[in-house]
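Structure at a glance
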Amino acid sequence: MSKVIVIGGGASGMMAAIAAKNNGNEVTLLEKNEKLGKKLFITGKGRCNLTNASDINSHMNNLMSNPKFMYSAFNAFNADDIVALIEESGVKTKVERGNRVFPKSDKSSDVIKALKKHLDCVDVVLNYEVKNITKDEQFKINDEYVCDALIIATGGLSYKSTGSTGDGFKFAKEFGHQTTKTYPSLVPFNIKEDYCKELQGLSLKNVTLKLIKDDKVLYEELGEMLFTHFGVSGPLVLSASSFVADKMEDGYKISIDLKPALDEATLDKRILRDFDKYKNKNFNNSLSDLLPKKLIPIIIRLSGIDEYKKVNEITKEERQKLVQLIKNLEFNIDSLRGYDEAIITKGGIDVKEINPKTMESKIVPGLYFVGEVLDLDSLTGGYNLQLAWSTGYVAGNSIY
């Protein structure tokens, strides 16, 4: 039996404490917030997209950084395992679009309660900030707590209000570890076009978004997005940001296909039907069956067609330009939003210095790193939380 201390009571920290406790260790969990799982509470818009029900290959394919590092961890503790652990505590789960797993109650607090049930016999200390760590024969925290094994699960830099202030990076460097450059990721885009502000609050579903640089498509997916006062957000945008975070420069743009179910010829026929229906109307009164009300003035402006032009006077060339605009509505990316709006941090502790089978430091025996503090990040859809569960589990489970 070892004395184990876990610093950080988020997803990876709670899982590490549970696994270490289940191995018969004496476990203390130190959390600087007033409650456990503060970031977990707000994930999935408060519903907690706790994992993705896809197979391990899908989880590997959705990993943006160092996927090979996670092979052992995903095999040791996968999506089925976290679902089983949560349901064991009486919280039923459900699978939604894209294999996203949520609690049936749609309450993230139920997931946190389920994890707390598994933390029996763990000494949980809240409102406790770790300021310094030293090591002689044992680790010493704030000259107050001592342990044989130390698990750092302090998160990255995203959502600082939840306690993620980069403490883990500082501790890692003090023990001789290297960290890669960090960036906000799974984060909204600031957009250059002023008219984007006019679309604030407009949510688009079942559209296709492409991320483009130098005429090369870097990302393409069907789903949902949202216009904001600064630019664009929503699931499609957040995932696209993973391809930009560490490469952000001028020249990135997004292209939105507003009608992905229709090819250009079919869309043209659809527009002709609408024009026939509204043949005695002005152009600005002919698009309400096709497009959201808020989007119509923007499309009219970009089309170059006089908004007061009679529908029956619109030329074939003008109509074709309209078709292309609806199939390819472009916006130029100005920059990424900051850490306060980022779901995760891209970059972190260099995994070359970590044992992938145990999450133990190759530099300092008995020191473990788990979760977002590592240089690991995935796309949206429950994949990042699975990173937390899997790394937390293998760390705790490897300590005896």
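Residues numbered from 1 in each chain as written. Predicted model: local features only at pLDDT ≥ 70, side-chain atom pairs only at ≥ 80, totals over all residues. Heavy atoms only, no water.

Once that is clear, we can look at the sheet that holds strand β17 (residues 329-336). Taken in spatial order, the six strands line up as β12-β15-β14-β13-β16-β17 and close into a barrel, and their pairing is antiparallel. Within the sheet, the average angular offset between the axes of one strand and its neighbour, ignoring direction, is 45°. For strand β14 (residues 216-227) and strand β15 (residues 231-233), the ladder comprises two bridges, and the chain directions are antiparallel. When the sheet's bridge partners are listed, Leu226 is paired in β15 with Ser233. Its contacts with the sheet put helix α11 (residues 316-327) on β16 (252-257) and β17, and the angle it makes with β16 is roughly 110°. (Pairing = 2+ DSSP bridges. Helix = DSSP H or I, 4+ residues; strand = E, 2+ residues; numbered from the N terminus. Axes fitted to C-alpha atoms, helices over the stretch in contact; angles between N-to-C directions. Contact = heavy atoms within 4.5 Å.)

Enumeration over the complete set of coordinates arrives at 22 salt bridges. Across the pair Asp167 and Lys32 runs a salt bridge whose closest N-O atoms are separated by 2.9 Å. Of this pair, Asp167 sits in helix α7 (residues 167-174) while Lys32 sits in the loop between β2 (26-30) and α2 (38-42), and the two are 135 residues apart along the sequence. Measuring nitrogen to oxygen at the nearest pair gives 3.8 Å for the salt bridge that ties Glu224 to Arg97. (Salt bridge = Lys/Arg side-chain N within 4 Å of Asp/Glu carboxyl O.)

One can find Asn142 in the loop between β8 (139-141) and β9 (145-147). Engagement of the side chain of Asn142 in a polar contact is seen with the backbone oxygen of Glu129, the distance being 2.9 Å. Setting aside residues up to four positions removed in sequence, Asn142 forms contacts with Tyr128, Glu129, Val130, Lys131 and Asn132. (Polar contact = N/O pair within 3.5 Å; in protein donor to acceptor, adjacent residues only side chain to side chain.)

It is worth spelling out helix α6 (residues 108-117) at this point. For α6, the complete set of buried residues consists of Ser108, Asp110, Val111, Ile112, Ala114 and Leu115. Against the buried residues of α6 lie α1 (11-22), α2, α5 (79-88), β5 (100-103) and α12 (383-397). (Buried < 20%, exposed > 50% of the residue type's maximum accessible area, 1.4 Å probe, protein only.)

Scanning the entire structure with this criterion turns up zero disulfides. A disulfide-free cysteine, Cys121 has its sulfur positioned 19 Å from the sulfur of Cys147, the nearest such atom. Here Cys147 falls in the buried class, since its relative accessible area comes to 0%. (Disulfide = S-S within 2.5 Å.)

Turning to the layout of surface pockets, a few remarks are in order. Where empty space is left becomes clear once a probe the size of a water molecule has been rolled over the atoms. A volume near 290 Å³ is recorded for the second largest pocket. Lining of the second largest pocket is provided by 17 residues; of these, Arg100, Tyr219, Glu221, Ser239 and Thr380 occupy positions nearest its centre. Counting only elements with at least two residues in the lining of the second largest pocket, the list comes to β14 and α8 (235-241). Among the elements that make up the lining of the second largest pocket, the one with the highest residue count is β14 (five residues). Residue composition of the lining of the second largest pocket, grouped by class: six nonpolar, seven polar and four charged. (1 Å grid on protein atoms, 1.4 Å probe; cavity = no way out; pocket = protein on both sides within 12 Å on 5 of 7 lines; lining within 4 Å. Points joined across faces, edges and corners; volume = space filled by probe spheres on them. Nonpolar A, V, L, I, M, F, W, Y, C, P; charged D, E, K, R; others polar.)

Within the fold, Ser65 resides in the loop between α3 (56-61) and α4 (71-76). Apart from the residues within four sequence positions on either side, Ser65 is in contact with Lys346, Asp375, Leu376 and Asp377. Within the structure, the side chain of Ser65 is placed 2.5 Å from the side chain of Asp377, a separation counted as a polar contact.

Time to look at the packing of helix α9 (residues 264-277) against α11. Axes are the key here: two packed helices are described by the angle between their axes and the distance separating the axes. Between α9 and α11, the least distance of the axes is 10 Å, while the angle of their chain directions is 120°. Classified by the angle their axes make, α9 and α11 are oblique. Between α9 and α11 the crossing geometry is right-handed. Residues Glu264, Leu267, Asp268, Ile271, Leu272 and Phe275 of α9 touch α11, and the partners they reach there are Arg319, Leu322, Val323, Gln324, Ile326 and Lys327. (Parallel < 35°, antiparallel > 145°, perpendicular 65-115°, else oblique. Left-handed = near helix turned anticlockwise from the far one by under 90°.)

In this section: the nonpolar core. By size, the foremost hydrophobic cluster in this structure holds 75 residues, and its most contacted members are Leu40, Ile133, Ile141 and Leu150. Setting aside anything within four residues of it in sequence, one finds Ile133 in contact with Ile7, Phe139, Lys140, Ile141, Leu150, Ile152, Phe171 and Phe175. (Core = buried A, V, L, I, M, F, W, Y, C linked by side-chain atoms within 4.5 Å.)

In short, shape yes, function no, at least from these values alone.
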